[in-house]
Amino acid sequence: MNTPILSPSMMCVDPLKLGETLRTFGSGGIEYLHIDVMDGHFVPNFTLGTDYGKALHRITDIPLDYHLMIEAPEDRLGWFDIREGDAVSVHAEATRHLQRTLERIAATGAKPIAAINPATPICMIEEVLPYLWGVLVMTVNPGFAGQKLVESTLDKISRLRGMLDARGYESIRIEVDGNVSPTNMRRMRDAGADMFVIGTSGFLKTSDAEEMLRGIGECRQIR
Ligand code: DX5
Ligand code: ZN
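Scope of this entry: the structure provided in the associated data block. Treat the numbers as computed from the prediction; the structure is a model and nothing was measured.

Quick notes on the rules
Residues numbered from 1 in each chain as written. Chains lettered and ligands numbered in written order. Predicted model: local features only at pLDDT ≥ 70, side-chain atom pairs only at ≥ 80, totals over all residues. Heavy atoms only, no water. Helix = DSSP H or I, 4+ residues; strand = E, 2+ residues; numbered from the N terminus. Contact = heavy atoms within 4.5 Å. Donors = N, O, S within 2.8 Å, 3.2 Å for Na, K, Ca; no water. Tetrahedral: all angles 85-135°; square planar, octahedral: opposite > 155°, others 65-115°. Pairing = 2+ DSSP bridges. Axes fitted to C-alpha atoms, helices over the stretch in contact; angles between N-to-C directions. Near = heavy atom within 4 Å. Polar contact = N/O pair within 3.5 Å; in protein donor to acceptor, adjacent residues only side chain to side chain. Areas by Shrake-Rupley, 256 points an atom, 1.4 Å probe, with all protein chains shown as cover. Nonpolar A, V, L, I, M, F, W, Y, C, P; charged D, E, K, R; others polar. Phe/Tyr/Trp six-rings, centres within 6.5 Å; stacked < 30°, edge-to-face > 60°. Buried < 20%, exposed > 50% of the residue type's maximum accessible area, 1.4 Å probe, protein only. Patch = residues over 30% accessible without salt bridge, like charges linked within 9 Å, V, L, I, M, F, W, Y side chains within 5 Å. Salt bridge = Lys/Arg side-chain N within 4 Å of Asp/Glu carboxyl O. Lys, Arg positive; Asp, Glu negative; His and termini not counted. Charge placed at Lys NZ, Arg CZ, Asp CG, Glu CD. Arc of directions from axis to C-beta.

## Details of the environment of Gly143
Here Gly143 is to be found in the loop between strand E6 (134-138) and helix H4 (152-166). Linking Gly143 and Met38, residues 105 residues apart in sequence, is a C-alpha distance of 7.3 Å. Every residue in contact with Gly143, bar those within four places of it in the chain, is listed here: Met38, Val43 and Asn45.

## Some points on the coordination of the zinc ion (ligand 2)
All of the protein donors around the zinc ion (ligand 2) are His34 (NE2), Asp36 (OD), His67 (ND1) and Asp177 (OD); their distances to the metal are 2.0 to 2.2 Å. One can describe the site at the zinc ion (ligand 2) as irregular: its four donor atoms subtend angles covering 93 to 159° at the metal.

## Quick word on the sheet that holds strand E2 (residues 33-38)
By definition, the strands of a sheet pair up through backbone hydrogen bonds, in either a parallel or an antiparallel sense. Pairing within the open sheet is parallel, and its eight strands lie in the order E1-E8-E7-E6-E5-E4-E3-E2. Each edge of the open sheet carries a strand with a single partner, namely strand E1 (5-8) and E2. Each adjacent strand pair in this sheet contributes to an overall mean axis angle of 25°, direction not counted. Looking at chain direction, strand E5 (residues 111-116) and E6 are connected through four bridges and run parallel. Each residue of the ladder has a partner; that of Ala114, found in E6, is Val135.

## Topic: the site of ligand 1
Of all residues adjacent to ligand 1, which total 16 residues, the nearest are Ser9, Gly146, Asn179, Thr200 and Ser201. Asp177 places a polar side-chain atom, nitrogen or oxygen, 2.9 Å from an oxygen atom of ligand 1. When ligand 1 sits alone it has 370 Å² of accessible area, and the protein chains cover 100% of it. Classifying every residue of the shell around ligand 1 gives six nonpolar, eight polar and two charged.

## Re the packing of aromatic side chains
Scanning the model with the defined rule gives three aromatic pairs in all. Considering the side-chain rings of Phe25 and Phe203, the 6.3 Å spacing of their centres and the 70° angle between planes classify their relative orientation as edge-to-face. Here Phe25, found in helix H1 (residues 18-27), pairs with Phe203, found in the loop between strand E8 (195-198) and helix H6 (209-221); they are 178 residues apart in sequence, far enough to count as distant. Classification of Phe203 as buried rests on a relative accessible area of 4%.

## Some thoughts on a negative patch on the surface
A surface patch of like charges, here negative, comprises Glu20, Asp208, Glu210 and Glu211. Turning to its location among the elements, Glu20 is positioned in helix H1. Glu20 sits in the partly exposed class, given a relative accessible area of 31%.

## Some points on H1
Where H1 is concerned, the buried positions are Thr21, Leu22, Thr24 and Phe25. The buried residues of H1 occupy one face: seen down the axis, they fall within an arc of 155°. In this structure, H1 carries Arg23 and Ser27 as exposed residues pointing more than 90 degrees from its buried face. Looking at the packing, one finds that the buried side of H1 touches E1, E2, helix H2 (50-59) and H6. Once H1 finishes, Gly29 follows within two positions and takes phi at roughly 65°, a positive value.

## What about unusual backbone geometry?
One non-glycine residue, Ala72, adopts positive backbone phi at about 45°. A positive phi angle is found at Asn179, which is not glycine, with a value near 55°. With respect to the helices and strands, the residue Asn179 is situated in the loop between strand E7 (173-177) and helix H5 (182-191).

Here it is as structure tokens:
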């Protein structure tokens, strides 16, 4: 089993405390910064844009974990400041050419992740396993923070983990995004997830540095 890693959701960070929060993340050994990009088409919301990732790259060394909730991501990868060591996820539902898009991500030196919504079956990514660093299993329908877990996704994580391991892809990560509370994180970990997007259900429910650091510490207890 891969060691669990944390990817806090930057759309849930208090913008007035960005600098302080990044320092807290540094102290907490945070592995990635999750950047939710929504285009108002693929999901019913607008969030962080291309300049945001560029700005973060200037002020922190923590790699970015771009979550592109946009139509035709293959045409727009070049819009983003993607650096070697970043992770980039594209939705299987949003591109007609998933394999080619994953290859284009890998060509930038970033880690390719295929994302699937709660209603999308795992067979949608079955043919692209050789091109994946990770699979992002949405545990809520994407668009908004503060939603409730779609319970059926827990069994989906287990089945996906089983499929990956059975085919020799133990190293492919399973990232989970949506309502990752401490309780749900334990359940998702038991099901086989190993990369956790933490938002308002987790340590980003606060903007207080000490409280946040305690929350990060609690996540680290989940092995
Ligand atoms: C979904 C978003 C959210 C959010 C996570 O589109 O990615 O999942 O940032 O935070 P909470 O904990 O509010 O679900
Ligand atoms: Zn996300």
